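Observations on the three-dimensional arrangement
For reference, the chains in residue letters:
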Amino acid sequence: PIPWKNTSEFSGIVNMDVSPAKPNMVFFQGMGQYNFLSRDFGATVKAFKAPAGLFNFMGSYMLNPVKADYVMALVPREACLYGPDDSSCVKDLYVSFDFGETWGNITRNSQKRIAGFWEANWGVDVEANVTSKVKSDYTEKTILATVYEDLDKVKGLDRWQYNYDKNIHFVRSDDWFGSKHEKVFSCGNLMKKVGPLVYLVAPASCSLKDYKGKTQHGNKRSHELATDDDHAHLYVSENGGRDFKEVCLPVALATHHFAISEGDAGGAIVTAVHEIQAHGMDLKTAYAYTTGNEVALSTLSLKNIFCDAYECELLKIDGVPGTFIANVFDFKKLDSTAPTYDDVFSKITFDGGATWGKIPAPTKYADASCRRCVPGTSNCNLHLHVEGLWHTGTN
């Protein structure tokens, strides 16, 4: 039985995280205004007030890889109640030193040096000293973040979804932003940390000169080809976010919208959104790109990944290195009507995207009613409903 189910604070669970430093400590993100904490592998839990209030279900929580009691929370501020396109709708960063029992507001601690956060993560990583090319000088206090420094430049979360913003910057702090932070990469927008690797997306309209007048890593020719806010360039750092170089993709994209899927210390699978034509329709789809030893050089891994209005469906399987599952368009089923979640099939890779295959159906069933394959058929595979099921309500 779920031990907290009968408490008045419980209204559902959004996510569960297990501490990398102490696996007995489990953090449950609540759907409502409370989170639930366990220090005995989930056998017992206690409810504690979340820092996000009404927006707790929209928040993201990150457990410190080496300091078990440290938890980071990134949540929309209450101004977003007036709408995500409100100019003051941005995110605040909170940190807890007692595993989520109490919280401190990092935005407030910055003394107006930070107007709002977009993304954040811990700088330190459990694998960094083993896999990184440069020994890390990060501590358990180091935070990497993409931020707005000026309140009058904030455009609201809804506005940001459609275009990149040269007023968002990639920064570092080693003291909870209590003193002046280090601006590492001007215009660094989307950020994804995968072990010692840090990926950044920067708008094409941003200058290759950073705030100190030094040339940022980037391909001058690629910036000349695309210079508006609807295009962007992808960068990667192999030393935890100190130095960046531009990622080279094997195709020229009409629009540069990226998502960096979860990977391991050897690299991540990068997805870029493409527009394709099928049955006279314009379809949004994603192509997946993977890397070898040189993480800045990418090769095409998988085409035509299903995207809805919220996500493109490529997911990492936790605990199994190099294993990803994707749902891709089945053009044999697709017709001239708007695509649905039933117009896709599932593929899996066990080698980080080098090869993909369908997922064969089981040959034995504990419950015979679960068998959907026609007896004698050889081409029967699993179709996995993942995040799209939440958005479309497909049965």
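Predicted model only: the values in this text are computed from it and were never measured.

**Concerning the sheet that holds strand S15 (residues 232-237)**
Sheet architecture is open: four strands sit in the order S13-S14-S15-S16, paired in antiparallel fashion. Strand pairing shows two members of the sheet lacking a second neighbour, strand S13 (191-194) and strand S16 (245-246), which therefore form its edges.

**Overview of the environment of Leu297**
Residue position: Leu297 is located in the loop between strand S19 (281-291) and strand S20 (298-306). Separated by 49 residues in the primary sequence, Leu297 and Cys248 place their C-alpha atoms 5.1 Å from one another. Not counting the four nearest positions on each side in its chain, Leu297 is found in contact with Cys248, Thr290, Thr291 and Gly292.

**Some points on the sheet that holds strand S1 (residues 13-18)**
Across the sheet, which stays open at both edges, the four strands sit in the order S1-S2-S3-S4 with antiparallel pairing between neighbours. Two strands lie at the open edges of the sheet, namely S1 and strand S4 (46-49), each paired on one side alone. Between one strand axis and the next, the sheet turns by 25° as a mean value, whatever way the strands run. Inspection of the sheet shows S1 paired to strand S2 (residues 26-30) by five bridges, in the antiparallel sense. Bridged to Ile13 within S2 is Gly30.

**With respect to the side chain of Asp92**
Within the secondary structure layout, Asp92 lies in strand S7 (residues 91-96). By relative accessible area, which is 9% here, Asp92 ends up buried. For Asp92, the side chain forms a polar contact with the side chain of Arg77, separated by 2.6 Å. For Asp92, the residues in contact, after removing those within four places along its chain, are Ala73, Leu74, Val75, Arg77, Asn105 and Thr107.

**Overview of the packing of aromatic side chains**
With the rule as written, the count across this model stands at 14 aromatic pairs. Ring centres 5.1 Å apart and planes at 65° place the aromatic pair Tyr70 and Phe97 in the edge-to-face group. Here Tyr70, found in the loop between strand S5 (60-63) and strand S6 (71-76), pairs with Phe97, found in the loop between S7 and strand S8 (104-105); they are 27 residues apart in sequence, far enough to count as distant. Among the residues examined, Tyr70 registers a relative accessible area of 12% and is labelled buried. Site record: aromatic cluster; members linked through ring pairs are Phe27, Tyr61, Phe99 and Trp103. Above the plane of the ring of Phe345 lies Lys358, whose end atom (NZ or CZ) is 4.9 Å from the centre.

What counts, and where the lines are drawn
- Residues numbered from 1 in each chain as written.
- Predicted model: local features only at pLDDT ≥ 70, side-chain atom pairs only at ≥ 80, totals over all residues.
- Heavy atoms only, no water.
- Pairing = 2+ DSSP bridges.
- Helix = DSSP H or I, 4+ residues; strand = E, 2+ residues; numbered from the N terminus.
- Contact = heavy atoms within 4.5 Å.
- Axes fitted to C-alpha atoms, helices over the stretch in contact; angles between N-to-C directions.
- Buried < 20%, exposed > 50% of the residue type's maximum accessible area, 1.4 Å probe, protein only.
- Polar contact = N/O pair within 3.5 Å; in protein donor to acceptor, adjacent residues only side chain to side chain.
- Phe/Tyr/Trp six-rings, centres within 6.5 Å; stacked < 30°, edge-to-face > 60°.
- Lys NZ or Arg CZ within 6 Å of the ring centre and 35° of its normal.

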